[in-house]
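These are the residues of each chain, in order.
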Amino acid sequence: MSSNTPSRDSFTNKFGIIAAAAGSAIGLGNIWRFPYVLGENGGGAFLLVYLAFVLIIGVPVMISELLIGRRAQLNVFGAFRKLAPGQFWYLIGVMGVGAAFLILAFYSVVAGWTLHYVYLSLTNSLAGNTPGGMIETFENVQATKGLSVFWTLLFLGATAYIVRSGIEKGIEKYTKVLMPLLLLIILILIVRSVTLEGASEGLAFLFNPDFSKITSDVVLEALGQAFFSLSIGMGVIVTYGSYIKKSESLGGTALSVSLADTLIAVLAGVAIFPAAFAFDMAPNQGPGLVFITLPNIFNQMVGGYFFGLLFFVLLTIAALTSSISLLEVVVAYFTEELKLKRKRATWIAAGITGILGIVCAFNSSVFNVFDKFSSNILLPLGGLLIVIFVGWVIGPTMPREEIEADGRKAHYYKGFLFIIKFVAPVAIALVFLKGLGWI
Ligand code: PHE
């Protein structure tokens, strides 16, 4: 524990950190964003590229972030300043804090829609709605700005309340029970979805890759989605790494979190696409996809009222455990670097995000720019700098020491080093420059 941060906590056990990091990773990114981006980018081929990126880039970047955080015992900004004094690497932290603001802004809007769907489910307002009616319902929510703003701010307020009181760990206790429950509901949804008439077309869309669909743009979208879904490239994992005990395995943590996150995303796809095709809805609907597709399934299953309500409640909670981690990045920076009190730091951060969130709720172009700019540009750029930092800047001894601090030999270390030195930087840079049309 470093002397200038006497109040640092650490997670008490292995499951604590995995639950927290998985809580950050699993959220709207898996259930809302993954299916909609996959739907817009050609289906199965996107899935393959996505999986490859999670494995080759996502896991190594996550290990890198964990080891930086655990070694420095600081927020993302302070961590880079401490590990590379007098150099510009702390800019990764600055970018991370910026990304946290942008992501939290549009994320709160989507979580706001989710809250509205909790309300609609509770009042049984979606029952009997036709597929066309579902689209209308969603468009109404988006168009009724006051309503969107109300739910957005409510969600953000709840996030701020939890972060301010420092009760995230209390929440994690529930997460351990509620996330498996979310998984269970998705499995139940899958059973209903794949038994709908016409469902096989949706499965083919998801699992039969059409390689002609792969363009540089699709590849960039897959990279951005991998970063977004794993919560990497901006310091969330650095911050969480700073709370992990030396006795925990960093590689094991990164692998478990990435696997859980990917499993939930793919299963969400298996629930959504068969239904989308069965109900004759275009898979490239955009950000409304999950909200217009799933209620149709609930309408066609026994206990649909109950499952629908539970699903949206759990999705809100999954979103909360992610938004908490985003706000935590900003608050850790404000308290440790700008020396603000936690309470004040939280409300200032939430206030700024609230304003940005209102802009996103009012203007879908701003929403899209925030969404794409943060996922496809800021996060991969952050990831690129992080792997260069670990691979080339801090020298080979420290990463190894930190990874093996749990007392076990990391047999994968050579491979890891090769990836973060060569494979990941080149891959990210290429995808990035090509996707942006610069090469
Ligand atoms: N990974 C989260 C999700 O999938 C979103 C997130 C992105 C959280 C970046 C933190 C940092 O919902």
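Before going into details, it helps to say that this report is about the structure given with it.

Quick notes on the rules
Residues numbered from 1 in each chain as written. Predicted model: local features only at pLDDT ≥ 70, side-chain atom pairs only at ≥ 80, totals over all residues. Heavy atoms only, no water. Phe/Tyr/Trp six-rings, centres within 6.5 Å; stacked < 30°, edge-to-face > 60°. Helix = DSSP H or I, 4+ residues; strand = E, 2+ residues; numbered from the N terminus. Buried < 20%, exposed > 50% of the residue type's maximum accessible area, 1.4 Å probe, protein only. Lys NZ or Arg CZ within 6 Å of the ring centre and 35° of its normal. Salt bridge = Lys/Arg side-chain N within 4 Å of Asp/Glu carboxyl O.

**Brief notes about the packing of aromatic side chains**
Summed over all chains, the structure comprises 33 aromatic pairs. Judged by centre distance (5.1 Å) and plane angle (50 degrees), the ring pair of Phe34 and Tyr50 falls under tilted. Of the two residues, Phe34 sits in helix α2 (residues 28–40) while Tyr50 sits in helix α3 (residues 44–72), which places them 16 residues apart along the sequence. The burial state of Phe34 is the same as that of Tyr50; both residues are buried. Measuring from centroid to centroid gives 5.5 Å for Phe205 and Phe277, while their planes differ by 45 degrees, and the two rings are tilted. A residue pair is termed long-range when its members are at least 10 positions apart, and Phe205 in helix α9 (residues 199–207) and Phe277 in helix α12 (residues 250–278) qualify at 72 residues. Accessibility assignment for this pair places Phe205 and Phe277 in one class, buried. The aromatic ring of Phe228 is capped on one face by Arg33, whose charged end is 5.1 Å from the ring centroid. The ring of Trp392 carries Lys421 above its face, with NZ or CZ at 4.8 Å from the centroid.

**Things to note about the pattern of salt bridges**
According to the stated counting rule, one finds eleven salt bridges in the structure shown. A salt bridge links Arg71 to Glu401, with the shortest nitrogen-to-oxygen separation between them at 2.7 Å. Remark: Glu401 occurs in helix α17 (residues 397–403) and Arg71 occurs in helix α3; sequence separation between them is 330 residues. We classify Glu401 as partly exposed; its relative accessible area is 45%. The salt bridge involving Lys213 is made with Asp210; its shortest N-O contact spans 3.6 Å.

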